[in-house]
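# Survey of secondary and tertiary structure
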Amino acid sequence: MFVPVGCASGILVASAACFAGGAAAVIAWRYSGNAAWIEQFFRIPGAFMMVCLGVARVWLSAWAARQFAPGEDMRRAWMLMTVASVCSAASTVLVQVLAVRSILNPLAHLPAAAFAQFQAAGHLLGGPIRFALLAGGLYAALRGYGRAGFLGRLRWTDLAVLALFAAYLVRNVLDLLAAHRTFPWLEVARWPTDPLLFILLAQGMLLRRSVQRMGRGWIGRCWTALSLGVFLTAAGDVGSWAEAYGYLPYPWSAVVWFVWLPAAACFTVAPAYQLEAIRFAAEEAA
Amino acid sequence: MLSRARDWNASQKPAETKEFLTDCVRPYLGARATEGLVAAAAPDGHDLLSSVEPVLAIFLGKRAAGRLVTRVFDRTLVRR
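Secondary structure assignment for chain B yields five helices and zero strands. Starting at the N terminus and walking to the C terminus, you meet the elements of chain B as α-α-α-α-α. Expressed as a percentage of its 80 residues, the buried residues of chain B come to 31%. Intrachain contacts of chain B at a sequence separation of at least 6 include 52% that bridge at least 24 residues.

Let us look at the overall build of chain A. Counting its regular elements, chain A contains eleven helices and zero strands. Going from N to C terminus, chain A has its helices and strands arranged as α-α-α-α-α-α-α-α-α-α-α. By the compact-globule yardstick of 19 Å for 286 residues, chain A fits well, its C-alpha radius of gyration being 19 Å. For chain A, the C-alpha atoms occupy an extent of roughly 55 × 40 × 35 Å along the three principal directions. Across the 286 residues of chain A, 42% fall into the buried class.

Next up on the list: the interface of chain A and chain B. Each side of the interface is counted separately: chain A has 24 residues, and chain B has 18 residues. Where the side of chain A that touches chain B is concerned, the elements lending two or more residues are helix H4 (73-98), helix H5 (112-148), helix H8 (193-214), helix H9 (218-244) and helix H11 (260-285) of chain A. The greatest single-element share of the side of chain A that touches chain B, amounting to six residues, is contributed by H11 of chain A. When the residues that make up the side of chain A that touches chain B are grouped by side-chain class, the tally is 13 nonpolar, five polar and six charged.

Relative to the assigned elements, Val83 of chain A resides in helix H4. When the 19 C-beta atoms within 10 Å are taken as the criterion, Val83 of chain A is described as partly exposed.

What follows deals with the environment of Pro27 of chain B. The residue Pro27 of chain B is located in helix H2 (residues 14-29) in this model. Excluding anything up to four places from it in sequence, Pro27 of chain B contacts Gly217 and Trp218 of chain A.

Our focus in this paragraph is the environment of Val188 of chain A. All names here are of chain A. Within the fold, Val188 resides in helix H7 (residues 185-189). Here Val188 falls in the exposed class, since 9 other C-beta atoms lie within 10 Å of it. Residues Val188 and Leu124 lie 64 residues apart in sequence; the distance between their C-alpha atoms is 9.9 Å.

All names here are of chain B. Here helix H4 (residues 48-60) is 13 residues long and its end C-alpha atoms lie 18 Å apart, about the 18 Å a rise of 1.5 Å per residue gives. All of the buried residues in H4 are Leu48, Val52, Val55, Leu56, Ala57, Ile58, Phe59 and Leu60. The positive-phi residue at the C-terminal boundary of H4 is Gly61, with phi of around 95°.

Residues Leu226, Cys266, Val269 and Ala277 of chain A together with Tyr28, Leu56 and Leu60 of chain B are the most contacted members of the largest nonpolar core, which totals 97 residues. Dropping the residues within four chain positions of it, Leu226 of chain A is found in contact with Leu207, Cys266, Phe267 and Ala270 of chain A.

Once that is clear, we can look at the packing of H5 of chain A against H4 of chain B. Running from N to C, H5 of chain A and H4 of chain B cross one another at 175°; their axes reach a closest spacing of 10 Å. Considering the angle they form, H5 of chain A stands roughly antiparallel to H4 of chain B. Touching Gly144, Arg147 and Ala148 of chain A of H5 of chain A are Val55, Ile58 and Phe59 of chain B, all from H4 of chain B. Looking at the contact of H5 of chain A with H4 of chain B residue by residue, the class counts come to four nonpolar, one polar and one charged.

Confidence in the prediction of chain A, expressed as mean pLDDT, is 90, and 98% of residues score 70 or more. The secondary-structure element of chain A with the lowest mean pLDDT is H7 of chain A, recorded at 77, while H8 of chain A shows the highest, at 96.

Residues and elements named next belong to chain A. At a minimum axis separation of 10 Å, helix H6 (residues 156-179) and H8 run at an interaxial angle of 175°. It follows from the interaxial angle that H6 and H8 lie roughly antiparallel. Residues Asp158, Leu162, Phe165, Ala166, Leu169 and Asn172 of H6 pack against Asp194, Pro195, Phe198, Leu201, Ala202 and Met205 of H8. The residue inventory of the contact of H6 with H8, partitioned by class, reads nine nonpolar, one polar and two charged.

The subject of this paragraph is the confidence of the model for chain B. Confidence in the prediction of chain B, expressed as mean pLDDT, is 80, and 79% of residues score 70 or more. For this predicted complex, the interface score ipTM comes out at 0.85, while the overall pTM is 0.89.

Thresholds, definitions, all that
- Residues numbered from 1 in each chain as written.
- Chains lettered and ligands numbered in written order.
- Predicted model: local features only at pLDDT ≥ 70, side-chain atom pairs only at ≥ 80, totals over all residues.
- Helix = DSSP H or I, 4+ residues; strand = E, 2+ residues; numbered from the N terminus.
- Buried ≥ 20, exposed ≤ 12 C-beta atoms within 10 Å, placed from the backbone.
- Contact = placed C-beta atoms within 7 Å.
- Rg over C-alpha atoms; globule rule 2.2 N^0.38 Å.
- Nonpolar A, V, L, I, M, F, W, Y, C, P; charged D, E, K, R; others polar.
- Expected span 1.5 Å × (residues − 1).
- Core = buried A, V, L, I, M, F, W, Y, C linked by C-beta atoms within 7 Å.
- Axes fitted to C-alpha atoms, helices over the stretch in contact; angles between N-to-C directions.
- Parallel < 35°, antiparallel > 145°, perpendicular 65-115°, else oblique.
- pLDDT = per-residue confidence, 0-100.

In structure tokens:
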């Protein structure tokens with residue numbers, strides 16, 4: 001049983017359509033001055049799309065893992081990324097559905113305190129837990145590239161971006177210390193999120209350089225999509241921080257809201273590309 | 001199959017065979033990786049598939065890579 005032909009294209013087209021809908025909602029909001037356009041977009045079609053992408057990612061990643069035999073690097077990579085996808089999907093449901101009063105939420109009658117708990121749990125699952133699993137998955141993938149003899153090397157531009165991100169980490173810690181006097185345990189548990197994102201960013205860059213070293217191919221598309229997903233997630237994280245601490249004024253901060261959809265699409269299309277490459281190999285052999 | 005393989009071995013043109021194998025593997029691994037593996041293979045290309053298969057297995061899994069390499073080898077024989 002193979003992934004349907006055009007699965008990856010379908011994911012990209014559906015994500016692009018949702019993104020275009022979001023852009024239309026922004027235009028409607030700017031023209032009418034009614035923020036309900038953008039709010040309703042993110043609460044209903046935006047949230048629904050993110051949940052669909054999350055569920056598809058779990059299914060495709062698990063399917064990709066099953067294509068490899070026990071002990072193979074890519075099986076380990078896809079298994080860890082499957083668990084990361086489960087955390088990501090659960091986080092999306094908690095943060096974007098259960099923590100919001102919308103028609104999608106079956107628990108909308110609960111008090112606001114419950115929503116805050118859902119949100120905190122969702123951020124914990126989708127932050128440090130998911131990123132730690134993803135970093136394990138990318139490490140296994142990079143080990144595969146190393147075994148094949150195609151592990152890339154970071155260039156000075158990559159190191160410059162990593163240095164900037166490290167500076168952002170330091171600034172983030174200073175802002176956090178300045179803004180808060182007490183730290184609830186759920187807040188403290190989320191502290192590893194940004195350091196893990198730094199590791200993921202370095203891994204994503206190394207993965208991109210490794211793909212470049214091999215040249216464009218069906219295998220490379222999968223890992224390029226994953227590294228792009230990591231870059232967009234890092235950009236979204238920095239954007240969210242800039243928005244929260246007033247460095248990115250409204251309405252420019254709206255750009256940040258739209259980063260998460262293409263990031264989710266990249267993470268979802270990556271296992272689809274992996275499965276398509278395996279399908280092409282099997283069809284060529286049939 | 002064995003007799004065809006022997007006939008093929010006697011009549012093979014290494015450059016042409018290498019080119020055919022390269023064309024089959026390039027879409028998966030990418031041009032640079034394929035060229036690197038071809039360049040590292042013996043001049044007559046006899047070890048090309050055995051050096052390509054482990055690399056394909058890392059990225060596609062042993063099952064898919066094994067099937068693909070077998071098929072490429074069969075097609076190489078059929079072309080002769």
